[in-house]
Amino acid sequence: MTKPAVRSFTALLLAVLLMVPQGLLAANHREAPITAIDRLADITDFYAFVSYDNPDKVTFILDVDPLLEPSNGPNYFPFDPNITYAIRVDNNHDGIEDIVFEFRFQTEYRLPGVFTAHVGAGDGIPAGPSSPPPVAPGSPLIPPAVTALDGCEPGNCSTGLGLRQTYTVTMVRNNLRTVLNGGQKLIAVPSNVGPRTMPNWADLYQEGIYTLGNGIKVWAGTADDPFWIDLGAFFDSANFRASGFILPGVLTDAQEADDRNNFAADDVSGFNVNAIAIEVPITMLTSDGQKHPASDPRATIGSWGTTSRPQVTVLQKPLKGRVRSTVTSTSLRQVQRMGNALFNELIIGTGSKDRFSMDQPKNDAQFAAFALDPLLARVINAVYPAAFGVDVPIPAPPRADLLPLVQYSNHGALVAAVGGFANPNLPAGPVADILRLNTGVPPTPQNQIKRMGLLAGDAAGYPNGRRLEDDVTDISARAVAGILVFGLNTFPYNRIGDGVNANDTSYQPSFPYLGYAWDGRNSRHVDPGEDGCNGGACTVN
């Protein structure tokens, strides 16, 4: 395409954006060049949903640091104290944050003479009877098992937490900064080392839930990676598996209806992630401090997550007794951002991914060509005839059908199909990768959640916000292929999927809802050909 043609095409897209009220697409694991080499700043997923068991509050979850191998001692996976983790909320639909929740971590090295971050067993183990000098036999050697985040008393001890992190939560609103935790100590939940060191990690998970003022709750720590996908098949040039499916990447009716089991390998199974969760009353998030019904534009908010580093960091020789010594500038540079799932991962071209990561949603019109003529759709259109002789026509660009996924809007097939998401008076906002949530839509009870979200008639599901249970891979693939276009909302578009329909462990019923972290000693991953799929081994071909 020549440059004038590009300009003409872009102009056409922008014209459409101006005429048509407004946007979709979810997970990012090492998706951009800069985050592929800076995993600590890499946002893997971002969630925003009305709390399942408290319809007056919204829960935000920011996951970072992808594919954490549970057994990877001795340091495991602390948060980076040099990174500012933030959750940003837009409540007047202009693509600019109005409220920001910032998380900063501090690290304590409590056992500097021990070779690993966490250690402990039973009530503590003394040196053996043959212990050579200078450690006398019977003297304390291994601390008690880690059964608490703080303090040490019989049966409730944190001495073995050699590496411990505390954190602060700051709300920024109208240029005013408020430290929400005040003087309260917040401790991040550590990696789950194993049953000897941490015999009841679930208790640590629960202890890590803190209630702050104004009805806010927070949790930070290592948890099960809640995302699922047949990552290997997808990135092998869309080499979807064939065994057991109607066509590769097309589910049978029975597979489609099964929201609890997998038919292909979940490549994220058995991995952990670092997560930050905060639950906030809706009245603290809306523009006027009130809760509104779904039909009121003020009920809809937008949100996204960011990670930022100091613009300048100087590494110094550690002083005696210190693990690390750095000097950093006070000015920050955004490294990563995320709103909708898979947007940067599957939509933005590699040459533009870093620029996208460092920019702001209000400037996303520059990426409109990626969103409204997604190459992924053309790949689906090309792969199927080439490999299987089945033509899958896709809509012609510009893809106005995808606009409801990247703009504030009450328009589009999604809204027509699910009235509860409709917001008839909501004006179109800018094209921006923001996760939009209508806080007036009541939450679906957790045992009734449908993985296909809005496409399955579940009004509280993606892309109305995003829940842990939403199958953003299948939802996004179907939307990109054209299911939102009248006439294409049929087979095979309504059965496109990777065959991975559920997470490899259960979520919790209350805040922070994340699944328990896998323990390092007993974790495993489900690969093709191994047991772990419905009815036996996961398919290979």
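Residues numbered from 1 in each chain as written. Predicted model: local features only at pLDDT ≥ 70, side-chain atom pairs only at ≥ 80, totals over all residues. Heavy atoms only, no water.

**Things to note about the state of the cysteines**
And step 1. If you walk through the whole model with that rule in mind, you get two disulfides.
And step 2. Here Cys152 connects covalently by a disulfide to Cys157, the sulfurs 2.0 Å from one another. Residues Cys152 and Cys157 are joined through a disulfide that is left-handed, its torsion about the S-S bond being -90°.
And step 3. Residue classification places Cys152 among the partly exposed residues on the basis of a relative accessible area of 49%.
And step 4. Here Cys533 pairs with Cys538 through a disulfide, and the sulfurs are 2.1 Å apart. In this structure, the disulfide formed by Cys533 and Cys538 twists by about 90° around the S-S bond and is classed as right-handed. There is no split in this pair, since Cys533 and Cys538 are both buried. (Disulfide = S-S within 2.5 Å. Buried < 20%, exposed > 50% of the residue type's maximum accessible area, 1.4 Å probe, protein only.)

**Topic: the environment of Phe101**
And step 1. Within the secondary structure, Phe101 sits in strand 4 (residues 99–109).
And step 2. On the basis of relative accessibility, which here comes to 0%, the residue Phe101 falls in the buried class.
And step 3. Each C-alpha atom of the pair Phe101 and Met198 lies 31 Å from the other, and the pair is 97 residues apart in sequence.
And step 4. In contact with Phe101, other than residues within four places in its own chain, are Tyr85, Ala86, Ile87, Val89, Thr170, Met171, Leu180, Ile278, Val280 and Leu285. (Helix = DSSP H or I, 4+ residues; strand = E, 2+ residues; numbered from the N terminus. Contact = heavy atoms within 4.5 Å.)

**Considerations on the pattern of salt bridges**
And step 1. A complete count under the given rule lists 25 salt bridges for this structure.
And step 2. Asp45 serves as the salt-bridge partner of Arg466, at 2.7 Å between the closest nitrogen and oxygen. One end of the pair, Arg466, is in the loop between strand 19 (435–438) and helix 11 (472–481); the other, Asp45, is in strand 1 (residues 43–50), with 421 residues separating them in the sequence. In this structure, Arg466 and Asp45 share a single accessibility class: buried.
And step 3. Among the charged side chains, a salt-bridge network with shared partners connects Glu256, Asp259, Arg451, Asp471, Asp474 and Arg478. (Salt bridge = Lys/Arg side-chain N within 4 Å of Asp/Glu carboxyl O.)

**Quick look at unusual backbone geometry**
And step 1. With an omega dihedral of 5°, the bond running from Pro133 to Pro134 counts as a cis peptide bond.
And step 2. Structurally, Pro134 is set in the loop between strand 5 (125–126) and strand 6 (140–142).
And step 3. The omega angle of the peptide bond from Tyr462 to Pro463 is 10°, so this bond is cis rather than trans.
And step 4. Relative to the assigned elements, Pro463 resides in the loop between strand 19 and helix 11.
And step 5. Residues other than glycine seldom take positive phi values, yet Tyr76 does so here, at roughly 55°.
And step 6. Following the sequence through the fold, Tyr76 ends up in the loop between strand 2 (57–68) and strand 3 (84–90).
And step 7. Despite not being glycine, His93 shows a phi value in the positive range, around 70°.
And step 8. Relative to the assigned elements, His93 resides in the loop between strand 3 and strand 4.
And step 9. Residue classification places His93 among the buried positions, given a relative accessible area of 13%.

**What about the nonpolar core?**
And step 1. Residues Phe60, Phe101, Phe103, Tyr167, Val218 and Ile278 are the most contacted members of the largest nonpolar core, which totals 117 residues.
And step 2. Excluding residues that lie within four positions of it along the chain, Phe103 makes contacts with Ile83, Thr84, Tyr85, Ile87, Tyr167, Thr168, Val169, Val218, Ile276 and Ile278. (Core = buried A, V, L, I, M, F, W, Y, C linked by side-chain atoms within 4.5 Å.)

**A look at the packing of aromatic side chains**
And step 1. Tallying each qualifying case throughout the model produces 17 aromatic pairs.
And step 2. On the numbers, 4.0 Å between centres and 10° between planes, the contact of Phe79 with Phe105 is stacked. Residue Phe79 is located in the loop between strand 2 and strand 3, and its partner Phe105 is located in strand 4; the two are separated by 26 residues in the primary sequence.
And step 3. Among the residues examined, Phe79 registers a relative accessible area of 4% and is labelled buried.
And step 4. Ring plane angle 25° and centroid distance 5.6 Å describe the contact between Phe343 and Phe356, whose orientation is recorded as stacked. Of this pair, Phe343 sits in helix 6 (residues 343–346) while Phe356 sits in helix 7 (residues 350–358), placing them 13 residues apart in sequence.
And step 5. For Phe356, a relative accessible area of 0% gives the class buried.
And step 6. Joined through ring pairs, the aromatic side chains of Phe79, Tyr85, Phe103, Phe105 and Tyr167 make up one cluster. (Phe/Tyr/Trp six-rings, centres within 6.5 Å; stacked < 30°, edge-to-face > 60°.)

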